[in-house]
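# A look at the structure
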Amino acid sequence: MLFRSKIIILTKCRRSDKELYNAYTNTNTFNPTFTNIVNTQLSLCYCNSTRKKINEHWMNKLKPKKVLLITRDKHNRNSQDMIVYKDLPLIACKTMNKYNVCNSDRANVFKFDKNEIEITHDGKDNIKIPLDDFRTLFYPAYAITIHKSQGMTITVPYTIVGWNTMNEEIKETARYVALSRAQTMKQVQFTTDENIEFE
(Lines give C-alpha, C1' and ligand atoms only; values in the text may rest on other atoms or scores of the structure.)
Protein backbone atom coordinates (compact mmCIF):
# COMPACT_ATOMS: atom_id res chain seq x y z
CA MET A 1 0.00 0.00 0.00
CA LEU A 2 1.39 3.41 -0.90
CA PHE A 3 1.62 6.10 1.76
CA ARG A 4 -1.26 8.65 1.63
CA SER A 5 -3.02 6.63 -1.04
CA LYS A 6 -6.54 5.32 -1.08
CA ILE A 7 -7.38 1.67 -0.49
CA ILE A 8 -5.82 -0.87 -2.80
CA ILE A 9 -7.55 -4.23 -3.20
CA LEU A 10 -5.50 -6.78 -1.28
CA THR A 11 -5.30 -10.50 -1.26
CA LYS A 12 -4.38 -12.24 1.98
CA CYS A 13 -0.70 -11.99 2.85
CA ARG A 14 0.99 -15.36 3.43
CA ARG A 15 2.47 -14.24 6.74
CA SER A 16 -0.80 -13.24 8.46
CA ASP A 17 -3.65 -15.27 9.93
CA LYS A 18 -7.25 -14.62 8.88
CA GLU A 19 -8.15 -12.58 11.99
CA LEU A 20 -5.19 -10.26 11.45
CA TYR A 21 -5.88 -9.94 7.73
CA ASN A 22 -9.51 -8.94 8.41
CA ALA A 23 -8.33 -6.35 10.94
CA TYR A 24 -5.78 -4.63 8.72
CA THR A 25 -8.04 -4.58 5.67
CA ASN A 26 -10.81 -2.91 7.72
CA THR A 27 -8.87 -0.58 10.02
CA ASN A 28 -11.68 1.98 10.30
CA THR A 29 -14.17 -0.55 11.67
CA PHE A 30 -11.72 -2.77 13.58
CA ASN A 31 -12.28 -2.30 17.32
CA PRO A 32 -9.30 -3.60 19.32
CA THR A 33 -9.07 -4.16 23.06
CA PHE A 34 -6.99 -1.37 24.59
CA THR A 35 -4.47 -1.14 27.38
CA ASN A 36 -2.37 1.84 28.42
CA ILE A 37 0.39 -0.35 29.83
CA VAL A 38 3.29 -1.03 27.49
CA ASN A 39 4.88 -4.34 28.50
CA THR A 40 6.34 -5.47 25.17
CA GLN A 41 9.94 -4.73 24.28
CA LEU A 42 8.89 -3.53 20.85
CA SER A 43 6.43 -0.75 20.14
CA LEU A 44 5.33 0.96 16.94
CA CYS A 45 4.59 4.65 17.48
CA TYR A 46 3.04 7.36 15.39
CA CYS A 47 5.06 10.14 17.13
CA ASN A 48 8.81 10.40 17.63
CA SER A 49 8.33 11.91 21.09
CA THR A 50 6.56 8.73 22.23
CA ARG A 51 9.20 6.57 20.53
CA LYS A 52 11.92 8.34 22.52
CA LYS A 53 10.02 7.99 25.81
CA ILE A 54 9.58 4.23 25.35
CA ASN A 55 13.20 3.74 24.28
CA GLU A 56 14.42 5.66 27.33
CA HIS A 57 12.30 3.50 29.63
CA TRP A 58 13.56 0.17 28.25
CA MET A 59 17.21 1.27 28.04
CA ASN A 60 17.12 2.27 31.71
CA LYS A 61 15.21 -0.83 32.80
CA LEU A 62 17.34 -3.38 30.92
CA LYS A 63 20.81 -1.83 31.17
CA PRO A 64 23.49 -4.08 32.67
CA LYS A 65 26.46 -2.85 34.70
CA LYS A 66 28.70 -2.32 31.66
CA VAL A 67 27.30 0.50 29.52
CA LEU A 68 28.46 3.36 27.34
CA LEU A 69 26.54 6.63 27.34
CA ILE A 70 26.29 8.36 23.97
CA THR A 71 24.78 11.83 23.64
CA ARG A 72 22.25 12.51 20.92
CA ASP A 73 23.12 13.83 17.48
CA LYS A 74 22.51 17.58 17.88
CA HIS A 75 21.81 17.93 14.15
CA ASN A 76 18.88 15.49 14.25
CA ARG A 77 15.85 16.46 16.34
CA ASN A 78 14.64 12.84 16.37
CA SER A 79 17.89 11.54 17.84
CA GLN A 80 18.14 10.73 21.55
CA ASP A 81 20.78 9.96 24.17
CA MET A 82 21.62 6.26 24.17
CA ILE A 83 22.65 3.85 26.87
CA VAL A 84 24.67 1.38 24.83
CA TYR A 85 25.13 -2.21 25.99
CA LYS A 86 25.47 -5.67 24.49
CA ASP A 87 22.36 -6.72 22.53
CA LEU A 88 20.78 -3.23 22.51
CA PRO A 89 18.38 -3.30 19.52
CA LEU A 90 19.03 -0.63 16.89
CA ILE A 91 17.45 0.75 13.77
CA ALA A 92 19.31 2.77 11.14
CA CYS A 93 17.94 6.27 10.66
CA LYS A 94 19.76 6.80 7.35
CA THR A 95 21.92 5.04 4.79
CA MET A 96 25.70 5.01 5.18
CA ASN A 97 27.35 3.09 2.35
CA LYS A 98 30.81 2.88 3.92
CA TYR A 99 29.33 0.55 6.58
CA ASN A 100 26.89 -1.22 4.23
CA VAL A 101 23.98 0.05 6.35
CA CYS A 102 20.69 1.16 4.77
CA ASN A 103 17.93 3.29 6.24
CA SER A 104 15.65 1.16 8.48
CA ASP A 105 18.10 -1.74 8.75
CA ARG A 106 17.87 -3.47 12.12
CA ALA A 107 20.94 -4.38 14.15
CA ASN A 108 22.11 -5.18 17.68
CA VAL A 109 25.14 -4.07 19.64
CA PHE A 110 27.67 -6.91 19.77
CA LYS A 111 30.42 -5.20 21.78
CA PHE A 112 31.80 -1.74 22.39
CA ASP A 113 34.63 0.34 23.82
CA LYS A 114 35.21 4.07 24.21
CA ASN A 115 36.13 4.46 20.51
CA GLU A 116 33.80 2.25 18.51
CA ILE A 117 30.75 0.02 18.61
CA GLU A 118 30.58 -3.35 16.86
CA ILE A 119 27.14 -4.37 15.63
CA THR A 120 25.53 -7.52 14.30
CA HIS A 121 23.53 -6.50 11.28
CA ASP A 122 20.73 -8.46 9.59
CA GLY A 123 22.77 -11.64 9.07
CA LYS A 124 25.76 -9.80 7.57
CA ASP A 125 29.30 -9.71 8.95
CA ASN A 126 29.78 -7.67 12.12
CA ILE A 127 30.61 -4.03 11.51
CA LYS A 128 32.77 -1.73 13.67
CA ILE A 129 31.55 1.86 13.69
CA PRO A 130 33.30 4.86 15.32
CA LEU A 131 31.18 6.63 17.97
CA ASP A 132 30.58 9.80 15.94
CA ASP A 133 29.22 7.84 12.98
CA PHE A 134 27.23 5.52 15.26
CA ARG A 135 25.53 8.53 16.91
CA THR A 136 24.31 9.81 13.54
CA LEU A 137 23.43 6.40 12.07
CA PHE A 138 21.30 4.61 14.68
CA TYR A 139 18.38 5.00 17.07
CA PRO A 140 17.60 2.55 19.87
CA ALA A 141 14.85 0.24 18.67
CA TYR A 142 12.67 -0.83 21.58
CA ALA A 143 10.24 1.56 19.90
CA ILE A 144 10.25 2.65 16.28
CA THR A 145 7.91 4.80 14.23
CA ILE A 146 5.23 3.14 12.16
CA HIS A 147 6.79 4.80 9.11
CA LYS A 148 10.16 3.12 9.84
CA SER A 149 8.47 -0.27 10.26
CA GLN A 150 7.33 -0.42 6.63
CA GLY A 151 8.61 -3.58 4.98
CA MET A 152 9.35 -5.39 8.26
CA THR A 153 7.96 -8.70 9.40
CA ILE A 154 7.68 -8.73 13.18
CA THR A 155 7.69 -12.14 14.86
CA VAL A 156 7.64 -11.03 18.53
CA PRO A 157 4.86 -9.44 20.60
CA TYR A 158 4.58 -5.67 20.09
CA THR A 159 2.39 -2.70 21.00
CA ILE A 160 0.83 -0.22 18.59
CA VAL A 161 0.88 3.02 20.57
CA GLY A 162 -1.74 5.70 19.98
CA TRP A 163 -4.27 3.81 17.83
CA ASN A 164 -6.94 6.53 18.29
CA THR A 165 -4.66 9.58 18.07
CA MET A 166 -3.14 9.13 14.61
CA ASN A 167 -3.45 12.00 12.16
CA GLU A 168 -6.82 11.72 10.35
CA GLU A 169 -5.26 12.26 6.94
CA ILE A 170 -3.03 9.19 7.15
CA LYS A 171 -4.70 7.17 9.93
CA GLU A 172 -5.97 4.38 7.68
CA THR A 173 -2.58 3.82 6.06
CA ALA A 174 -0.64 4.07 9.34
CA ARG A 175 -2.95 1.56 11.02
CA TYR A 176 -2.63 -0.82 8.07
CA VAL A 177 1.18 -0.63 8.17
CA ALA A 178 1.32 -1.11 11.96
CA LEU A 179 -1.03 -4.12 11.96
CA SER A 180 0.31 -5.85 8.87
CA ARG A 181 3.84 -6.22 10.32
CA ALA A 182 2.58 -9.11 12.51
CA GLN A 183 1.88 -12.73 11.70
CA THR A 184 -0.97 -13.27 14.16
CA MET A 185 -3.33 -11.00 16.07
CA LYS A 186 -2.09 -12.56 19.33
CA GLN A 187 1.21 -10.69 18.86
CA VAL A 188 -0.35 -7.22 18.93
CA GLN A 189 -1.42 -4.98 21.82
CA PHE A 190 -2.95 -1.52 21.44
CA THR A 191 -2.97 1.74 23.38
CA THR A 192 -5.63 4.35 22.67
CA ASP A 193 -3.23 7.28 22.95
CA GLU A 194 0.30 8.25 23.93
CA ASN A 195 -0.48 8.52 27.67
CA ILE A 196 1.19 5.25 28.46
CA GLU A 197 2.45 3.48 31.56
CA PHE A 198 4.98 0.71 32.01
CA GLU A 199 4.84 -2.46 34.10
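The present account deals with the structure reproduced in this document.

Calculation notes
- Residues numbered from 1 in each chain as written.
- Predicted model: local features only at pLDDT ≥ 70, side-chain atom pairs only at ≥ 80, totals over all residues.
- Heavy atoms only, no water.
- Buried < 20%, exposed > 50% of the residue type's maximum accessible area, 1.4 Å probe, protein only.
- Helix = DSSP H or I, 4+ residues; strand = E, 2+ residues; numbered from the N terminus.
- Contact = heavy atoms within 4.5 Å.
- Salt bridge = Lys/Arg side-chain N within 4 Å of Asp/Glu carboxyl O.
- Polar contact = N/O pair within 3.5 Å; in protein donor to acceptor, adjacent residues only side chain to side chain.
- Core = buried A, V, L, I, M, F, W, Y, C linked by side-chain atoms within 4.5 Å.

### Some details on helix H4 (residues 171–179)
Most of H4 is tucked away: eight of the nine residues are buried. Three or more residues of H4 are buried, namely Lys171, Thr173, Ala174, Arg175, Tyr176, Val177, Ala178 and Leu179. Buried positions along H4 lie against helix H1 (18–24), strand S2 (43–45), strand S11 (158–161) and strand S12 (188–190).

### What about the pattern of salt bridges?
Under the criterion given, the structure shown has five salt bridges. A salt bridge links Glu118 to Lys111; the shortest N-O distance between them is 3.9 Å. For Glu118, a relative accessible area of 11% gives the class buried. By relative accessible area, which is 47% here, Lys111 ends up partly exposed.

### Topic: the side chain of His121
Within the secondary structure, His121 is located in strand S7 (residues 116–121). Residue His121 is classed as buried on the basis of its relative accessible area, which comes to 1%. Here Asp105 takes part through its side chain, which lies 2.9 Å from a polar atom of the side chain of His121. Those residues within four positions of His121 in sequence are excluded, and the remaining contacts are Asn100, Val101, Asp105, Arg106, Ala107 and Ile127.

### Some words on the nonpolar core
Among the nonpolar cores identified, the biggest contains 32 residues, and Val84, Leu88, Leu90, Ile117, Ile119, Phe134 and Phe138 are the most heavily contacted of them. If you list the elements that add at least two residues to this core, you get helix H2 (48–62), strand S3 (68–70), strand S4 (82–84), strand S5 (89–92), strand S6 (106–112), S7, strand S8 (124–130) and helix H3 (131–137). Excluding anything up to four places from it in sequence, Phe138 contacts Met82, Leu90, Ile91, Ala92, Cys93, Val101, Ala107, Ile119 and Ile129. Leu20, Ile91, Ala141 and Ile144 belong to the second largest nonpolar core, which has 27 residues in total.

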